[in-house]
Amino acid sequence: MVVAVRLLILALFLQYRIIHPVHNAVGLWLTSAICEIWFAFSWILDQLSKWLPITRQTYLDRLSLRYEREGEANMLAAVDVFVTTVDTTKEPPLVTANTFLSILAMDYPVDKISCYLSDDGASMLTFEALSLTAEFARKWVPFCNKSSIEPRAPDMYCAQKVDYLKDKVQPTFVKERRAMKDRPGVMQDGTPWPGNNTKDHPGMIQVFLQGNELPNLVYVSGEKRPSFLHHKRAGAMNALVRVSGVLTNAPFMLNLDCDHYVNNSKAVREAMCFLMDPQVGRRVCYVQFPQRFDGIDKNDRYANSIRVFSILINMKGLDGIQGTDKDSKEILFDEKFGKSSTFVTSTLREEGGVAASSSREALLKEVIHLGWIYGSITEDILTGFKLHSRGWRTIYCMPKRSAFRGSVPTNLPDRLNQTLMWALGSVEIFFSRHTPYATAARK
Ligand SMILES: O=c1ccn([C@@H]2O[C@H](COP(=O)(O)OP(=O)(O)O[C@H]3O[C@H](CO)[C@@H](O)[C@H](O)[C@H]3O)[C@@H](O)[C@H]2O)c(=O)[nH]1
């Protein structure tokens, strides 16, 4: 009803605008009329996606009943978690360390989680930080598991103003908690990685944790050469897909930015409710969680929360059609689980991912399945489109306790840069051969 009334008002307004030209300022009138018609058109498109909003419910106990039977081997699927970082000045290693600790301490069988960091900055500082993170994880993860705390990112947990003495918790817990709070700082100085140039260095892989007590933890910095495009985050993600394909090759992957920590330790289980569902799971290629952010100031100067709340209905609506694409317009981050088989975890011919007898055309076709698509700085949106155009479904999952939380730009230049990047990415997709309109026309 509201939409119909708005549509009517819009039609009357546009009719008025068109039949009343401003003769002494034709240029201005024409420009504003074109802009208004364009906005009206995009608003109508936006409404179309809202007809069938879906709210989903997960039942974690049933997941456990099906896949974690007593006396039997745990049947939950393994997950490779990918985190990307590039610039230690904008993405402090301490933030990345928190993200990793929250991942390592997730409520999921430890032998089924492997964490990978892609360091596009090839920074010694990040490398050192991850090494110290691995050390601290040996204390932090058992503490989290024993005490069932939330969130499991140490800084965010310790920043909570909870009086544990008041709650009459066990004295041992209070003591252990204090020990965790007084942990030694994990950062050292900002010495650059010796002998390396961020734009020209060999590939680097270091396994920090491996075994049955903690999840695997691997540092990766993909090879960079000045004469080759490395395709920014898409290239970094594909490097991780290839490395993890060789090392752990889990059937699912979780992808996070370095400043997005796990806020709900059961997040992976939430996603598995869909991905491991015998019926729904077969058609689903990823599960996406809503964007949630810390650090938004009281007046929300940079409009960070608008994109969180106003898009909720759009996301639910899209879920009712085929699922959400990664949307750069309002969403900053999302976390998604994809089936590696969709992306084919091990690589091309040399890794046995594609039969040696494949023709060049077949190979090229497979390459499209092989990972994040190149050609746009908003590679996640582009890849989301591609997956949808191949018939995959995606799920929008909103657990009561938000699954992940991230940080937002806290100054105007960063916020403007971010918005510009998303806008450019969308324009790139629109004019590329991957444009959804061309894909729809080809069908
Ligand atoms: O060359 C690069 C550039 C970026 N990144 C990483 O990519 C992530 C996102 O980059 P950022 O510049 O912070 O972009 P945002 O706008 O904050 O990120 C949102 O928008 C991007 C483009 O749509 C998506 O890739 C991200 O997942 C999404 O969170 C960060 O972890 C970076 O460290 C790299 O690994 N290599």
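The structure displayed is predicted, hence computed values, not measured ones.

Chemist: What's the story with the UniProt feature "binding site: UDP-alpha-D-glucose" (unreviewed entry) in the chain in this structure? I'm lost.
Modeler: The UniProt entry lists Lys90, Glu91, Asp120 and Lys232 under the feature "binding site: UDP-alpha-D-glucose" (unreviewed entry), expressed in the numbering used here. Structurally, Lys90 can be placed in the loop between strand S1 (79-85) and helix H4 (93-104). The exposure class assigned to Lys90 is exposed, which follows from its relative accessible area of 60%. Along the chain, the position of Glu91 falls in the loop between S1 and H4. Classification of Glu91 as partly exposed rests on a relative accessible area of 22%. In contact with Glu91, other than residues within four places in its own chain, are Thr85, Val86, Thr96 and Cys258. A polar contact is formed between the side chain of Glu91 and the side chain of Thr85, at a distance of 2.9 Å.

Chemist: So what exactly am I meant to see when it comes to the sheet that holds strand S8 (residues 293-294) here?
Modeler: Backbone hydrogen bonds hold the strands of a sheet together, and the pairing may be parallel or antiparallel. Taken in spatial order, the three strands line up as S6-S11-S8 in an open sheet, and their pairing is mixed. Every other strand in the sheet has two partners, leaving strand S6 (260-262) and S8 as the edge strands with one partner each.

Chemist: In this structure, what is going on with the UniProt feature "active site" (unreviewed entry) in the chain? I would like to understand it.
Modeler: Summarizing the sequence annotation, UniProt attributes the feature "active site" (unreviewed entry) to Asp120 and Asp380 in the numbering used throughout. Within the secondary structure, Asp120 is located in the loop between strand S2 (113-119) and helix H5 (124-147). According to the relative accessible area criterion, Asp120 is buried, its value standing at 11%. Setting aside anything within four residues of it in sequence, one finds Asp120 in contact with Thr85, Val86, Thr198, Lys224, His230, Lys232 and Ala236. Take Asp380: it is sitting in helix H14 (residues 379-389). Taking relative accessible area as the criterion, Asp380 reaches 9% and is therefore assigned buried.

Chemist: Even after reading the chapter, I still don't get the confidence of the model for the chain, so can you show me in this structure?
Modeler: Keep in mind that low pLDDT regions are not for reading the predicted coordinates in detail. Confidence in the prediction for the chain averages 81 pLDDT; 81% of positions are at 70 or higher. Confidence over residues 327-354 falls short of pLDDT 50; this stretch has 122 contacts with residues more than four positions distant or in other chains.

Chemist: Looking at this structure, I do not really get the pairing of strand S11 (residues 404-407). What am I missing?
Modeler: Residue alternation in S11 divides its side chains into a buried set, Phe404 and Gly406, and an unburied set, Arg405 and Ser407. Relative to S11, S6 runs antiparallel, the two sharing three bridges. Bridge assignment links Val262 to a residue of S11, and that residue is Phe404. With two bridges joining them, S8 and S11 adopt parallel strand pairing. What sits directly across from Phe293, in S11, is Gly406.

Chemist: What should I look at first to understand the side chain of Arg269 in this one?
Modeler: Within the secondary structure, Arg269 sits in helix H9 (residues 267-275). Polar contacts involving the side chain of Arg269 include one to the main-chain carbonyl oxygen of Asp107, which spans 2.8 Å. Filtering out sequence-adjacent residues up to four positions away, Arg269 remains in contact with Leu60, Leu63, Ser64, Glu68, Leu76, Asp107, Tyr108 and Pro109.

Chemist: Can you walk me through the packing of helix H3 (residues 60-67) against H9 in this structure?
Modeler: Packed helices, taken two at a time, are described by the angle between their axes plus the distance between the axes. In the contact formed by H3 and H9, the axes pass within 9 Å of each other and the chain directions differ by 70°. Judged by the angle between their axes, H3 and H9 are roughly perpendicular. Two secondary-structure elements touch here, H3 through Leu60, Leu63 and Ser64 and H9 through Arg269, Glu270, Met272 and Cys273. Of the residues in the contact of H3 with H9, the class split is four nonpolar, one polar and two charged.

About the cut-offs
Residues numbered from 1 in each chain as written. Predicted model: local features only at pLDDT ≥ 70, side-chain atom pairs only at ≥ 80, totals over all residues. Heavy atoms only, no water. UniProt positions renumbered as here; feature names shortened; annotations may be inferred. Helix = DSSP H or I, 4+ residues; strand = E, 2+ residues; numbered from the N terminus. Buried < 20%, exposed > 50% of the residue type's maximum accessible area, 1.4 Å probe, protein only. Contact = heavy atoms within 4.5 Å. Polar contact = N/O pair within 3.5 Å; in protein donor to acceptor, adjacent residues only side chain to side chain. Pairing = 2+ DSSP bridges. pLDDT = per-residue confidence, 0-100. Axes fitted to C-alpha atoms, helices over the stretch in contact; angles between N-to-C directions. Parallel < 35°, antiparallel > 145°, perpendicular 65-115°, else oblique. Nonpolar A, V, L, I, M, F, W, Y, C, P; charged D, E, K, R; others polar.

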